[in-house]
Amino acid sequence: MNKRSARRHRLNLWWAQWLNRRLPPATQVTLAHKSIFILPTGFGLFWILLVLILFIFGTNYQNNLVIGLSILLLSLFNTCIIYSYRNLAGLTITASASPQAYAGETIVFPVTLSSVQHQYEVLLNYPDNPIQIVKTVEEEPTQALLPFDNLERGRVSPGRIKLESRYPLGLCRAWSHVNLDNPHIVFARPLPSQSQLKSLDADNEHLIDDRGSHVPGVDEFKGLKQHIPGESLKQVAWKQLAQGRGMLSKEFQQPQGKPHWLVIEDLKASELEKQISELTWTIDKMSERGEAFGLVIGRRKIAPSVGDSHRVHCLQQLALIPAVDGESS
C-alpha cells in the first residue's frame with residue numbers, strides 16, 4: 001500500500017468513525033438538523049459566480065438595476081438552501097426484512113419512507129449501486145427497493161444508504177448517510193451435485209431411494225386443503241371455517257423410511273466452499289420434493305424435518321460456516 005492509498009484509507013476510516021458517532025446505526029432513523037448536510041452543486045457554484053460577476057459589473061458601472069438583480073439571485077440561492085434542508089428534514093426511514101438471496105445475486109433491501117410533510121425527488125442508493133428515485137414522500141408510508149450487488153455468502157451488511165435531494169432548483173445538494181442496521185444472511189451459491197448422501201448409521205452409508213420421503217398418513221400435520229364432499233368430518237378445520245375461510249380439511253402425512261442426513265465433517269477441508277454449495281443445492285431440491293433431512297456441521301446437529309422454515313434454517317447455518325483461508329465463496 002503506497003502513501004496515497006494509506007492516507008485515503010485513514011481518511012475513510014476517520015469519516016466512518018465520525019459518522020458512527022453522529023449517526024449511529026438504527027432500524028429506524030428520522031432525519032434532523034445534525035444528520036443533514038448541505039453544499040452547493042456545480043450549478044449552484046456557477047450561480048454564485050454569476051452573482052459575483054453581476055455585482056462587480058453593477059458596482060463598476062454604478063448600475064443599480066444590475067446590483068439589484070445580483071442581490072435577487074443571491075436571495076434565491078439562500079432560499080434554496082432552506083428548502084433543500086426542509087425537503088429532507090423529518091423524513092423517517094425504516095428497514096424492512098429482505099427476501100432470500102444467494103451469493104452472486106443482487107440482494108434487494110426494502111426500506112419504508114414516511115414524513116409528516118410532503119417531500120419531493122428523494123434519491124436513495126447503497127455505495128456503487130443503482131440509484132432509486134422516490135418522486136414524492138407523504139405521511140402514508142412509501143416503500144423503496146434498494147439493490148445491492150453481493151458475491152459473498154454469510155452475514156452481509158450493506159452499509160450506509162445515501163439519501164440525496166436537489167429540490168427545488170438544483171442549486172444545493174442536501175444529503176445524509178443512514179445506517180439502518182439491517183444485515184442479511186446470504187445463502188451460498190448453489191452448485192448441482194450428484195454425490196450420494198451419508199447416513200449417521202455406521203452400518204448403512206448408502207442412499208435408500210425412499211428415505212426421507214413422505215406418504216399420506218396420520219403422524220404429522222402437513223397443511224390444509226379444500227374439503228371434498230364425502231370426506232370424514234373429523235378432518236374438517238372447524239376453526240378456519242368459523243373465521244370465514246370456507247370448508248377446509250386437515251391433511252396429515254407420515255415419513256417413509258429413514259430421513260437423509262447431510263454431513264460436513266471437516267470444517268477446514270480444502271474444498272469446503274464446494275461442499276457448502278453442493279449441500280445448498282441438495283437442500284433446495286430435497287425441500288422441493290418434500291423429503292425430510294437433517295444436517296450435521298462438525299459437532300452441531302440439526303434434527304431432521306421438512307418445510308420451508310427448516311430449509312431456511314439449514315441454509316443459514318451453512319452460510320455462516322467460517323471460510324477457510326485462501327478460499328472464497
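Here, every reference points to the structure presented above.
Residues numbered from 1 in each chain as written. Predicted model: local features only at pLDDT ≥ 70, side-chain atom pairs only at ≥ 80, totals over all residues. Heavy atoms only, no water.

Colleague: Please clarify how a positive patch on the surface should be interpreted in this entry.
Modeller: Residues Lys3, Arg4, Arg7, Arg8 and Arg10 make up a contiguous surface patch of positive charge. Here Arg8 is to be found in helix 1 (residues 3-22). Classification of Arg8 as partly exposed rests on a relative accessible area of 48%. (Patch = residues over 30% accessible without salt bridge, like charges linked within 9 Å, V, L, I, M, F, W, Y side chains within 5 Å. Areas by Shrake-Rupley, 256 points an atom, 1.4 Å probe, with all protein chains shown as cover. Salt bridge = Lys/Arg side-chain N within 4 Å of Asp/Glu carboxyl O. Lys, Arg positive; Asp, Glu negative; His and termini not counted. Charge placed at Lys NZ, Arg CZ, Asp CG, Glu CD. Helix = DSSP H or I, 4+ residues; strand = E, 2+ residues; numbered from the N terminus. Buried < 20%, exposed > 50% of the residue type's maximum accessible area, 1.4 Å probe, protein only.)

Colleague: Got a minute to help me understand the packing of aromatic side chains in this structure?
Modeller: Considering all chains together, one arrives at nine aromatic pairs under this definition. Consider the rings of Phe37 and Trp175, whose centres lie 5.8 Å apart with planes at 40°: the pair is tilted. Here Trp175 lies in strand 10 (residues 172-178) and Phe37 lies in strand 2 (residues 37-40), a separation of 138 residues in the sequence. Each member of the pair, Phe37 together with Trp175, is buried. Ring centres 5.7 Å apart and planes at 80° place the aromatic pair Tyr126 and Phe148 in the edge-to-face group. Here Phe148 lies in strand 7 (residues 142-149) and Tyr126 lies in the loop between strand 5 (119-125) and strand 6 (132-137), a separation of 22 residues in the sequence. One exposure class covers both Tyr126 and Phe148, and it is buried. Chaining the aromatic ring pairs together yields one cluster made of Trp18, Phe37 and Trp175. (Phe/Tyr/Trp six-rings, centres within 6.5 Å; stacked < 30°, edge-to-face > 60°.)

Colleague: Please clarify how the pairing of strand 9 (residues 161-165) should be interpreted in this entry.
Modeller: Side-chain direction in a regular strand flips from residue to residue, so the side chains alternate between the two faces of the sheet. The buried fraction of strand 9 amounts to four of the five residues, a majority that puts the element mostly inside the structure. The pairing of strand 5 with strand 9 spans three bridges and is classified as antiparallel. Looking across to strand 9, one finds that Leu124 is bridged to Leu163. Sheet topology places strand 9 next to strand 10; five bridges connect them, and they run antiparallel. The residue bridging Leu163 from the neighbouring strand is Ser176, located in strand 10. (Pairing = 2+ DSSP bridges.)

Colleague: Even after reading the chapter, I still don't get the sheet that holds strand 14 (residues 260-264), so can you show me in this structure?
Modeller: Strand pairing in a sheet relies on backbone hydrogen bonds, with the paired strands running either antiparallel or parallel. Read across the sheet, three strands follow the order 14-15-16 without closing on themselves; strand pairing throughout is mixed. Of all strands in the sheet, those bounded by a partner on one side alone are strand 14 and strand 16 (300-305). Going from strand to strand, the sheet's axes swing by 10° on average, the running direction of each strand aside. Two strands pair when backbone bridges link them, and strand 14 and strand 15 (residues 293-297) are joined in this way by five bridges, in the parallel orientation. Within strand 15, the residue paired with Leu262 across the bridge is Leu295. (Axes fitted to C-alpha atoms, helices over the stretch in contact; angles between N-to-C directions.)

Colleague: Explain the nonpolar core here, please?
Modeller: For soluble globular proteins, nonpolar side chains are generally found buried alongside one another. Core analysis: the biggest nonpolar cluster contains 28 residues, and Leu31, Leu91, Ile93, Val111, Leu124, Ile161 and Leu163 have the highest contact counts within it. Mapped by element, the contributors of at least two residues to this core are strand 4 (106-114), strand 5, strand 6, strand 7, strand 9 and strand 10. Dropping the residues within four chain positions of it, Ile161 is found in contact with Val111, Leu124, Asn125, Tyr126, Leu146, Ser176, His177, Val178 and Leu180. Counting residues in hydrophobic clusters, the runner-up holds 19 residues, among them Leu272, Met286, Phe293 and Leu318. (Core = buried A, V, L, I, M, F, W, Y, C linked by side-chain atoms within 4.5 Å. Contact = heavy atoms within 4.5 Å.)

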